[in-house]
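Letter by letter, the chains look like this.
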Amino acid sequence: MSKKRVVVICPGRGTYNKEELGYLARYHSDKHSMIEVIDQYRISQNQPTITELDSMKAYSMRTHTAGENASPLIYGCAMGDFQAIDPDKYEIVAVTGNSMGWYIALAAAGALDPKAGIAVINTMGSMMTDGVIGGQIIYPLIDENWQWDQAKADMVEQVMADINATGDARVYTSIKLGGYIVFGADNAGLKALEERLPKVEDRYPMKLYNHAAFHTPLLNETSQKAFKMLPASLFQAPKVPLIDGQGHIWNPYSTDTFALHNYTLGAQVHDYYDFSKAVEVAIKEFAPDNLVILGPGATLGGAVAQTLIRHNWQGMSCKQDFIARQKSDPFILAMGMEAQRQLVV
């Protein structure tokens with residue numbers, strides 16, 4: 001039987017929630033060497049190990065969502081899932097990720113070895129320990145059928161322009177996330193967005209708890225700090241193609257590791273992250289049989305599906321098409337969902 005070709009998608013922040021407590025122990029208690037590298041690094045930094053965080057009796061928003069804890073914990077869970085993909089059934093043809101998932105993608109694709117992977121993840125995740133810079137708000141740009149609503153997108157652009165024109169606040173596009181936009185803004189900008197954007201579903205605009213204004217110019221200083229702390233020598237050419245947050249493909253035999261280091265700590269930190277473009281490149285350039293989303297959690301599934309719908313991929317043109325396809329012959333396999341996980345491991 002020939003292997004199925006898959007593109008692997010790595011999760012970002014906000015994917016290890018109350019339901020995911022114990023995920024590492026539940027699925028990856030056998031991956032001692034991988035977990036040991038992460039835990040030993042955390043001990044060297046006087047931080048709680050991911051084993052300790054994962055085995056806490058109760059989930060704590062304050063503890064588990066803090067960047068310095070959430071980042072390595074999600075990394076450990078995701079890398080465990082990556083290693084659990086059945087190599088006899090699946091050929092991994094490319095790897096990508098959303099936001100912090102880019103760092104996980106670097107490690108999964110082999111551009112960072114295990115020690116370099118936790119060094120990058122932990123350093124970048126700990127940048128906000130002394131105080132979170134700005135914040136993020138998520139807002140839909142689609143209708144109830146998950147189809148793109150250009151009028152809504154135009155309205156959002158105008159709201160951003162109007163807020164920035166006041167000179168009292170700064171608002172930027174942070175992530176293009178399928179059918180959603182994630183804004184990155186300073187505190188005045190967050191307040192203005194919450195006041196000016198029309199309410200949708202009694203949920204949006206939704207502020208993301210404990211998230212900084214990632215992927216915006218507000219993080220220019222964070223980028224400069226990262227360059228001083230993380231040398232280019234940590235990076236190597238990936239073993240499988242990597243798709244970044246601009247839709248650029250980093251190939252095993254043509255990657256300039258200095259350019260990869262420069263993108264990762266430069267544009268990736270202070271320019272918007274186009275996850276929608278990364279997924280578009282994944283499907284159009286690699287034509288995979290499936291997209292595998294690593295756990296923990298499965299929150300990226302909607303954004304990926306909305307991107308497929310926008311490109312009418314394999315005849316999926318609305319939410320109902322996608323749901324029907326997932327029931328009959330799932331194109332997206334989310335390892336954070338037990339039934340789909342069993343198809344992958």
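Residues numbered from 1 in each chain as written. Predicted model: local features only at pLDDT ≥ 70, side-chain atom pairs only at ≥ 80, totals over all residues. Heavy atoms only, no water.

**As for the pattern of salt bridges**
- In this structure the tally under the stated criterion is seven salt bridges.
- Residue Asp-81 is joined to Arg-341 by a salt bridge in which the shortest nitrogen-to-oxygen separation is 2.8 Å. Here the residue Asp-81 occupies a position in helix H5 (residues 67–84), and Arg-341 occupies one in helix H16 (residues 338–344), the gap between them amounting to 260 residues.
- A salt bridge links Lys-284 to Glu-280, with the nearest nitrogen and oxygen atoms 2.8 Å apart. Linking Lys-284 with Glu-280, this pair stays in helix H13 (residues 275–286), spanning four residues, or about one helical turn.
- Judged by its relative accessible area of 46%, Lys-284 is partly exposed.
- In this structure, a network of salt bridges that share partners links the residues Lys-277, Glu-280 and Lys-284. (Salt bridge = Lys/Arg side-chain N within 4 Å of Asp/Glu carboxyl O. Helix = DSSP H or I, 4+ residues; strand = E, 2+ residues; numbered from the N terminus. Buried < 20%, exposed > 50% of the residue type's maximum accessible area, 1.4 Å probe, protein only.)

**Re the packing of helix H8 (residues 150–165) against helix H9 (residues 187–196)**
- Between H8 and H9, the least distance of the axes is 10 Å, while the angle of their chain directions is 135°. Here H8 lies oblique to H9, going by the angle between them. Pair H8 / H9 crosses with right-handed handedness. Between H8, through Val-159, Asp-162 and Ile-163, and H9, the contact on the second element is made entirely by Ala-192, Leu-193 and Arg-196.
- By residue class, the composition of the contact of H8 with H9 is four nonpolar, no polar and two charged. (Axes fitted to C-alpha atoms, helices over the stretch in contact; angles between N-to-C directions. Parallel < 35°, antiparallel > 145°, perpendicular 65-115°, else oblique. Left-handed = near helix turned anticlockwise from the far one by under 90°. Contact = heavy atoms within 4.5 Å. Nonpolar A, V, L, I, M, F, W, Y, C, P; charged D, E, K, R; others polar.)

**Focus on helix H7 (residues 114–125)**
- Taking 1.5 Å of rise per residue, the 12 residues of H7 would be expected to cover 16 Å, and the 16 Å separating its terminal C-alpha atoms lies within 8% of that figure.
- With respect to burial, H7 is a largely interior element, 10 of its 12 residues being buried.
- Ala-116, Gly-117, Ile-118, Ala-119, Val-120, Ile-121, Asn-122, Thr-123, Met-124 and Gly-125 are the residues of H7 that are buried.
- As for H7, its buried residues are in contact with helix H2 (32–44), H5, helix H6 (101–108), helix H10 (220–229), helix H11 (257–265) and helix H12 (267–270).
- The backbone nitrogen of Lys-115 lies 3.1 Å from a side-chain oxygen of the residue at the head of H7, namely Asp-113. (Expected span 1.5 Å × (residues − 1). Polar contact = N/O pair within 3.5 Å; in protein donor to acceptor, adjacent residues only side chain to side chain.)

**Some details on the nonpolar core**
- Residues Trp-102, Phe-183 and Phe-275 are the most contacted members of the largest nonpolar core, which totals 116 residues.
- Among the elements that make up this core, the one with the highest residue count is H5 (nine residues).
- Contact partners of Phe-275, with chain neighbours within four places excluded, come to Ile-9, Gly-97, Asn-98, Ile-175, Lys-176, Leu-177, Leu-300, Ala-303 and Val-304. (Core = buried A, V, L, I, M, F, W, Y, C linked by side-chain atoms within 4.5 Å.)

**Points about the environment of Val-240**
- Tracing the sequence through the fold places Val-240 in the loop between H10 and strand S7 (242–243).
- By relative accessible area, Val-240 is classed as buried at 18%.
- For Val-240, the residues in contact, after removing those within four places along its chain, are Ile-92, Val-95, Ala-109, Trp-250 and Pro-252.

**Some words on the packing of H6 against H11**
- Packing of H6 against H11 brings their axes to within 11 Å, and their N-to-C directions diverge by 155°. Considered as vectors, H6 and H11 are oriented roughly antiparallel to each other. Judged by the twist between their axes, the crossing of H6 over H11 is left-handed. Residues Trp-102, Tyr-103 and Leu-106 of H6 form the contact with H11, whose participating residues are Leu-260, Tyr-263 and Thr-264.
- Across the contact of H6 with H11, the residue classes break down as five nonpolar, one polar and no charged.

By themselves, these observations are geometric and do not establish any function.
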